[in-house]
Amino acid sequence: FAARLTRGRTRKRVAGAMARAPRLPLGRRLLRPRQVRAHLRASPLFHKLDDAGLGALIAKSEPLTLSAGSYVFREGDPGRDVYLVARGAVYVIGGEDTVIDQLGTGAIFGEFAALCGTLRTASVRAAIPTTLVRIPAEAIRTLMDERPALRDAIWSIFAARVFDGHVRASGRFPTLDRTARLAWVARASLRDMRADEPIDSAATPFAVVLRGAVRNADGATIAAPAVLELAGGRYTTLTPVRLALVPPA
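Just so it is clear, the structure is predicted and the values come from calculations on it, not from any experiment.

Chemist: Help me out: how do you make sense of the packing of helix α6 (residues 148-170) against helix α7 (residues 178-185) in this one?
Modeler: Between two packed helices, the angle of one axis relative to the other and the distance separating the axes together describe the packing. Here α6 crosses α7 at 130 degrees, and the two axes come no closer than 9 Å. It follows that α6 is oblique to α7 by the angle criterion. Classified by chirality, the crossing of α7 by α6 is right-handed. Contact residues: α6 offers Ala159, Ala160, Phe163, Asp164, Val167 and Arg168, while α7 offers Arg178, Arg181, Leu182, Trp184 and Val185. Of the residues assigned to the contact of α6 with α7, the class counts are seven nonpolar, no polar and four charged.

Chemist: Sorry if this is basic, but what is going on with the nonpolar core here?
Modeler: Judged by nonpolar contacts, the single largest core of 40 residues is most densely connected at Leu40, Phe46, Leu57, Ile140, Phe158 and Phe163. Every residue in contact with Phe163, bar those within four places of it in the chain, is listed here: Arg181, Trp184, Val185, Phe206, Val208, Val227 and Val246. Judged by nonpolar contacts, the second largest core, of 15 residues, contains Leu66, Phe73, Leu103 and Leu132.

Chemist: Would you take a moment to explain the pattern of salt bridges for this structure?
Modeler: Between side chains of opposite charge, a pair can form as their charged atoms come close. Overall, the coordinates contain 14 salt bridges when judged by the stated rule. Between Arg161 and Glu111 there is a salt bridge, with its nearest N and O atoms 2.6 Å apart. Pair noted here: Arg161 is in helix α6 and Glu111 is in helix α4 (residues 111-116), with a separation of 50 residues, a long-range link. Between Arg215 and Asp196 there is a salt bridge, with its nearest N and O atoms 3.0 Å apart. With Arg215 in strand β11 (residues 213-216) and Asp196 in the loop between β9 (189-193) and β10 (206-211), this residue pair connects regions lying 19 residues apart in the sequence.

Chemist: Even after reading the chapter, I still don't get the packing of aromatic side chains, so can you show me in this structure?
Modeler: The geometry of two aromatic rings is summed up by the distance between their centres and the angle between their planes. The tally for this structure, following the rule as stated, stands at ten aromatic pairs. Relative to Phe109, the ring of Tyr83 has its centre 5.4 Å away and its plane inclined at 15 degrees; by these criteria the two rings are stacked. Separated by 26 residues along the polypeptide, Tyr83 in strand β3 (residues 81-87) and Phe109 in strand β6 (residues 108-109) bring together distant segments of the chain. Neither Tyr83 nor Phe109 differs from the other in exposure class; each is buried. The interplanar angle of 45 degrees and the centroid separation of 4.9 Å between the aromatic rings of Phe112 and Phe158 together place this pair among those described as tilted. One end of the pair, Phe112, is in helix α4; the other, Phe158, is in helix α6, and 46 residues separate them in sequence. Since its relative accessible area comes to 15%, Phe112 is described here as buried. A connected cluster of aromatic rings, assembled from ring pairs, spans Phe163, Phe173, Trp184 and Phe206. Here the basic side chain of Arg74 rests over the ring of Tyr71, its NZ or CZ set 3.7 Å away from the ring centre.

Definitions and cut-offs
All residue numbers refer to positions counted from 1 along the written sequence of the respective chain. Only residues with pLDDT of at least 70 get local features here, since the model is predicted, and only at 80 or more are side-chain atom pairs given and counted; chain-wide, interface and lining totals rely on the full set of residues. In computing side-chain values, all of the structure's heavy atoms are included and hydrogens and water are not. Axis definition: a line fit to C-alpha positions, over the contact stretch in the case of helices; interaxial angles, taken between N-to-C directions, run 0 to 180 degrees. Under the DSSP-based scheme used, a helix requires at least four consecutive residues in state H or I and a strand at least two consecutive residues in state E, with every element numbered from the N terminus. Note that the term roughly parallel is reserved for angles under 35 degrees, roughly antiparallel for angles over 145, roughly perpendicular for angles of 65 to 115, and oblique for everything else. Should the near helix be turned anticlockwise from the far one by less than a right angle, the crossing is left-handed, and should it be turned clockwise, the crossing is right-handed. Every residue pair with non-hydrogen atoms within 4.5 Å of one another is taken to be in contact. Amino acid classes used here: Ala, Val, Leu, Ile, Met, Phe, Trp, Tyr, Cys and Pro are nonpolar; Asp, Glu, Lys and Arg are charged; the rest, including Gly, are polar. Here, nonpolar core means buried Ala, Val, Leu, Ile, Met, Phe, Trp, Tyr and Cys residues that are tied together by side-chain atoms lying within 4.5 Å of each other. Using a 1.4 Å probe on the protein chains alone, a residue whose accessible area is under 20% of its type maximum counts as buried, one over 50% counts as exposed, and one in between counts as partly exposed. Here a salt bridge means any side-chain nitrogen of Lys or Arg lying within 4 Å of a carboxyl oxygen belonging to Asp or Glu. In this analysis, rings of Phe, Tyr and Trp, with Trp reduced to its six-membered ring, are considered paired at centre separations within 6.5 Å, and the interplanar angle assigns stacked below 30 degrees, edge-to-face beyond 60, and tilted for intermediate values. Consider the ring centre and the ring normal. A charge sits over the ring if Lys NZ or Arg CZ is within 6 Å of that centre and within 35 degrees of that normal.

Pasting the structure below:
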């Protein structure tokens, strides 16, 4: 019954997206820069970016038109680009071809793997005829290098996602709701470290590995994204890493 209910809800969402989609074929309709700009501005990822920065990002981007069922990328692919849904809808596909989410117009996806240098953790395919905007990760990194406030904001968003998921799944802090968990990780400080440096556990109980890899006392490699519980062992950077150091609650 639950499976039928889920499929029914998914069909309704797709039907709604189809009803809102333009009647003209996607290939005959031009994407206007102001439309793309508005979508990017509304995203938490880019809302702090100024007009010049948005313009630079759009200039490096390109539209991608997909037919229903076409894959944008598959689980395990390297993350190279970030995508904006300009028109249509996409499915996020988990193991055994299970639809775990649907993203519609204005949604941005693929940013974590692209900016953190990790592999895709899920597949994404078009639910209906869809137009995406493909944004090269390198273009975003360039803007992040030029604008420290943007760089820190994006890494803080990523740290919040990873840490919130870790704390929720661990069940160790049952009295903390999502608002409290996000408020906790919002106090984290970002730090870049070179390879072969020990991670100091004296002042912080948790470190979120956002980019790169570390090794534990047993020599096992732990790659981003990951949360290290520093009181539970010693960790040394294996590569240059970017960390978010989370203070005590």
